[in-house]
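# Close look at the chain arrangement
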Amino acid sequence: MQGYLNHFLSNIDIVNCQEVCRFLEVSKLSFSPEYGPKLKEDYVMVKHLPKILGSNSDRKCCSCQLFSCCRDNWQKVWAVLKPGFLAFLREPFDPNPLDIVVFDVLPASDGNGEGRVSLAKEVKDHNPLRHYFSVICGSRNIKLRTKSNAKVKDWVAAINDAGLRPPEGWCHPHRFGSFAPPRGLTEDGSQVQWFIDGRAAFEAIALAIEGAKSTIYICGWWLCPELYLCRPFLAQSSTRLDSLLEAKAKEGVQVHILLYKEVALALKINSVYSKRKLLGIHENIRVLRYPDHFSSGVYLWSHHEKIVIVDHQICFIGGLDLCFGRYDSGDHKIGDHPSSIWPGKDYYNPRESEPNSWEDTMKDELDRAKYPRMPWHDVHCALWGPPCSDVARHFVQRWNYAKRNKAPNENAIPLLLPQHHMVIPHYMGISREIENGDKNHNDYHKDIKRNDSFSSLSSLQDIPLLMPQEADGQDAVRGEPKLNGFDGNTHDQPSRPGRSPFSFHKFKTEPLIPDMPMRGFVDDFDSLDLQSSMSSLVRQHGSDISENRWWESQERGDQVVSSDEIGQVGPRVPCGCQVIRSVSQWSAGTSQTEESIHSAYCSLIERAEHYVYIENQFFISGLSGDEIIANRVLEALYRRIMRAHNEMKCFRVIVVIPLLPGFQGGVDDSGAASVRAIMHWQYRTICRGNNSILHNLYDLVGPRMHDYISFYGLRAYGRLYEGGPVSSSQVYVHSKIMIIDDRITLIGSANINDRSLLGSRDSEIGVLIEDREFVDSWMGDKTWRAGKFALSLRLALWSEHLGFRSGEVNQIRDPVVDSTYKDVWMATAKTNTMIYQDVFSCIPNDFIHTRASLRQCMAVWREKIGHTTIDLGIAPPKLESYQEGDVTNTDPMERLESVKGHLVSFPLDFMCKEDLRPVFNESEYYASPQVFH
């Protein structure tokens, strides 16, 4: 039968005959393995789509000409069912889908006690000649019609089978309520790598974009087309973001960019400028801004994810937007005069001034001889394998939702198809143990095998033999047909070498259908081509960039940061990964709110054995019973500390946050009510009032509360230019990470506040990373098996914060013992804080308790040195000190040489006698408090 059909269908006219295609239920998507195995396809009638130009005039669903039951708004389209979505095409071989329903997590009940909501249901009609069914997913309810009731039943069964068949499908929630399951439970290619600060991450992103072959997806809160991804910028013009995207677009790479559409009165990120700039580059670059505030009614919340996905092979997520001010390295320089690293408005300090115009981005916003830039500390990561596919699916879901709402009739903006990676069955019967945390995560990944129903259909050898051909295509069948689009001589296929750094799948065959919208990849890696591209990139970028390039550490997959090696880039290692997010109906069109990031935070903290290390831009959370702040990260920390106290065990929580919110205006300025409001909510969380954790812990353990939890910030100093004034600025902590027990890491875009964690507000994305490879280490003066990823990241972060040099990292390998926590970490922070106070009296500090004393301090220092920054960041030319009754003058740089790293204590007593909430004569008083927390 195979031989007969292959011979019969070798006739091009027969292959492209609509009747044959309909009989065989084949289309352009049928044999595209990147979208999953072939399920059901057929013509259906829909009425939710706009008028299809040039559509078939025969749109009747049945031969009921006399009754005219089919109105003109019903149109015949080709429906294609895949494991993760339902697509509608004008005709079977139309490359552009008219609509796509991406399957998402459905509610467990419809509210009527009838069990889980179905994807598809039969719809009864009083007219027996009408045969309907509906598809309900997310915010969508689509009504469809077929020619018979039997076809209705077939479609309903097929759709529900694809989406709801236990224990598989995208419609079931996974651990923490996430849309995505844990990956890396088996050897499925899940790998991850961390980057500290912008230099390392941006260079990795630049290299990935330069290697793009088919698609680039970018999603951001703020994007600057003129951003240089590699520095010094004068020698790196080709790495400017708009130049990189233009070069790839001209090669045919499809670029899709999803921007947050801000409320212009509240923010100055000017996304409309970025959109116009990007759209003017090339027709292969498409841009959407969302939400549309007037139609959606969403004014308070934002899209906050930071995503770059290249060829569905590698994705980058974390805290870094591709925008000005984010590029930085571990030394966190505060000056750049004359300009060589940060051009124009990229020399960024939002505490001093936010740019009012982006039309001339290369023009300085700040006087570099007077004001420091605000250093930026961040953490980003790269994902390979199934986690990358999950992030891409999230992007496709958000893009299609924005497309339907903002540009439903714009043909230049296409709908996107989610590529296929079947979800793993519900943990093969161990979901309860994992969810409750009863199963030790050392045994987490043992004896797990893939047994999902679709996996057997996903390999190349199981793809059906019939491959539709274009009549005028280059691969028109001549003689013996090819199987699966490949020569049957499989032994000539190249072997699969080891994975090289940032290895991308290479095309080995031309697609049989030349204009197929998304081409498949052969699972093959060409390390020679990659090494060649790296070498050319180094030559192109110059010798400066070749020194300590991020990829030089890529081959250290079997190592962690050693005693003589501290870097900004971690090893690329296999890990267990789960993509988690915050989304709801307004942000992604989902049927229910997902707050899996919040659930993961609370669950992981409760399971922590020895320590929790947090870096975050905000720290606003609530205890049980708090009726204002809804997220319960603080409650989880409090309960875990109480348990440690009751069990008389050592347990540490270290929190690193910005010293001040990164918004314009001095703390006492009339226009800085937003700064004070955020300070109010953070101090309410940390140490002020009955809802704060330190207040409650003091009642429990007294002064020993700091043995369990302590708070810190980062600060840097330097000369603004050679021979110029000595200046200081806070290092703005923008990372959103949590590391637990040197084994578990959470990295993403979500802040610790209600905006990011509740799901119904800002949209966020992150990844939970569980180490699978372990090394010998120490924990509480006992041997400990630490994960390569988590341990290397913590050691690198702490080395940067503490100013450790090569060979010193072993001093902090045990994070909870007193010799590390007290004698190194806390002592360094205290010493650095004292030195900065002596030299700058910088704000914030523990000696200023009221706005009146703040004004007095500002006045004294301005009179003393003539000029200072908004937070007292300029040192006097000479420091006066008294020795044996005599006044001596010393260079402030001599005093600052004793500073180690950037770590300083968080000022818990700053403005402690002030109510920092907005008052009636400030516009922020009339805004919803939810904006600030």
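My aim in this report is to walk through the structure given alongside it, one point at a time. (Residues numbered from 1 in each chain as written. Predicted model: local features only at pLDDT ≥ 70, side-chain atom pairs only at ≥ 80, totals over all residues. Heavy atoms only, no water.)

### Quick notes on the overall build of the chain
- Scanning the chain from N- to C-terminus turns up 23 helices and 30 strands.
- When the 933 residues of the chain are sorted by exposure, 59% land in the buried category.
- Within the chain, contacts between residues at least 6 apart in sequence are counted, and of these 73% link residues at least 24 apart.
- As displayed, the chain has an accessible area near 36600 Å², and 49% of this comes from carbon and sulfur atoms. (Helix = DSSP H or I, 4+ residues; strand = E, 2+ residues; numbered from the N terminus. Buried < 20%, exposed > 50% of the residue type's maximum accessible area, 1.4 Å probe, protein only. Contact = heavy atoms within 4.5 Å. Areas by Shrake-Rupley, 256 points an atom, 1.4 Å probe, with all protein chains shown as cover.)

### Focus: the packing of helix α5 (residues 197-210) against helix α6 (residues 241-250)
- With their axes 10 Å apart at the nearest point, α5 and α6 run at an angle of 20° to one another. When the axis of α5 is compared with that of α6, the two are roughly parallel. In the packing of α5 onto α6, the handedness of the crossing is left-handed. Across from A206, I209 and E210 in α5, the residues of α6 making contact are L241, L244, L245 and K248.
- Along the lines of polarity and charge, the residues of the contact of α5 with α6 split into five nonpolar, no polar and two charged. (Axes fitted to C-alpha atoms, helices over the stretch in contact; angles between N-to-C directions. Parallel < 35°, antiparallel > 145°, perpendicular 65-115°, else oblique. Left-handed = near helix turned anticlockwise from the far one by under 90°. Nonpolar A, V, L, I, M, F, W, Y, C, P; charged D, E, K, R; others polar.)

### Focus on unusual backbone geometry
- Backbone torsion omega between R231 and P232 reads 0°, so that peptide bond is classified as cis.
- For P232, the position within the fold is in the loop between β9 (215-220) and α6.
- With an omega of 5°, the peptide bond running from Y290 to P291 counts as cis.
- By secondary structure assignment, the location of P291 is in the loop between β11 (285-290) and α8 (293-296).
- At M648, a position not held by glycine, the phi torsion is positive, near 55°.

### Some words on the sheet that holds strand β1 (residues 41-46)
- Spatial ordering of the open sheet is given by β4-β3-β2-β1-β7-β6-β5, a layout of seven strands whose pairing is antiparallel. Strands with a single pairing partner mark the edges of an open sheet, and in this sheet they are β4 (99-102) and β5 (120-123). Ignoring strand direction, the axes of neighbouring strands in this sheet form an average angle of 35°.
- Contacts between helix α9 (residues 386-406) and the sheet are confined to β4 and β7 (140-146), with β4 contributing the most and set at about 135° to the helix. (Pairing = 2+ DSSP bridges.)

### Some points on helix α22 (residues 851-865)
- Under the 1.5 Å per step criterion, the end-to-end length of α22 is 21 Å for 15 residues, consistent within 8% with the ideal 21 Å.
- Those residues of α22 lying buried are L854, C857, M858, W861 and I865. Relative to the axis of α22, the buried residues are bounded by an arc of 100° and lie together on one face. Facing away from the buried surface of α22 by more than 90 degrees, the exposed residues are Q856 and E863. (Expected span 1.5 Å × (residues − 1). Arc of directions from axis to C-beta.)

### A short note on the pattern of salt bridges
- Tallying each qualifying case throughout the model produces 40 salt bridges.
- For E251, the salt bridge goes to K248, with nearest N and O atoms at 2.8 Å.
- Given the relative accessible area of 6%, K248 is considered buried. (Salt bridge = Lys/Arg side-chain N within 4 Å of Asp/Glu carboxyl O.)

### Description of the packing of aromatic side chains
- The full count for this structure, using the stated rule, is 21 aromatic pairs.
- Both rings, one in W74 and one in Y132, keep their centres 5.8 Å apart while their planes meet at 40°; by these two values the pair is tilted. Within this pair, whereas W74 is found in the loop between β1 and β2 (75-82), its partner Y132 is found in strand β6 (residues 131-137), the two being separated by 58 residues in sequence.
- Under the relative-accessibility criterion, Y132 is labelled buried at 4%.
- Members of the aromatic cluster, connected to one another through ring pairs, are Y613, Y712, W798 and W825. (Phe/Tyr/Trp six-rings, centres within 6.5 Å; stacked < 30°, edge-to-face > 60°.)

### Some remarks on the side chain of E354
- Within the secondary structure layout, E354 lies in the loop between β13 (314-318) and β14 (376-377).
- Within the local environment of E354, its side chain forms a polar contact with the side chain of Y348, the two groups lying 3.3 Å apart.
- E354 has contacts with K268, Y348, E365 and Q664, leaving out every residue within four places of it along the chain. (Polar contact = N/O pair within 3.5 Å; in protein donor to acceptor, adjacent residues only side chain to side chain.)

### A word on the pairing of strand β10 (residues 254-260)
- Across the seven residues that make up β10, a large majority, six, are buried.
- Here β9 pairs with β10 via six bridges, running parallel. The residue of β10 that forms the bridge with Y217 is H256.
- For the crossover from β9 across α6 to β10, the handedness is right-handed.
- When β10 meets β11, the two strands line up parallel, connected through six bridges. Within β11, the position partnered with L259 by the bridge is R289. (Right-handed = clockwise from strand over helix to strand, strands pointing away.)

### Overview of the packing of helix α14 (residues 596-607) against helix α15 (residues 633-647)
- Contact pair α14 / α15: the axes reach a minimum separation of 9 Å and the direction vectors enclose 5°. Relative to α15, the element α14 is oriented roughly parallel. The segment α14 lies against α15, with H598, Y601, C602, I605 and E606 engaging V633, A636, L637, R640 and R643.
- Here the contact of α14 with α15 is built from residues that sort into six nonpolar, one polar and three charged.

### Notes on the environment of S749
- Assignment of secondary structure puts S749 in the loop between β24 (744-748) and α19 (754-757).
- On the basis of relative accessibility, which here comes to 0%, the residue S749 falls in the buried class.
- Expressed as a C-alpha distance, the spacing of S749 and D321, which sit 428 residues apart in the sequence, is 9.5 Å.
- Residues contacting S749, with those up to four places away along its chain left out, are H304, E305, K306, G318, K736, E764 and I765.

### Concerning the environment of S763
- Position of S763 relative to the elements: it lies in the loop between α19 and β25 (764-771).
- Expressed as a C-alpha distance, the spacing of S763 and S582, which sit 181 residues apart in the sequence, is 5.1 Å.
- Setting aside anything within four residues of it in sequence, one finds S763 in contact with S302, H303, H304, E305, R398, S582 and S587.

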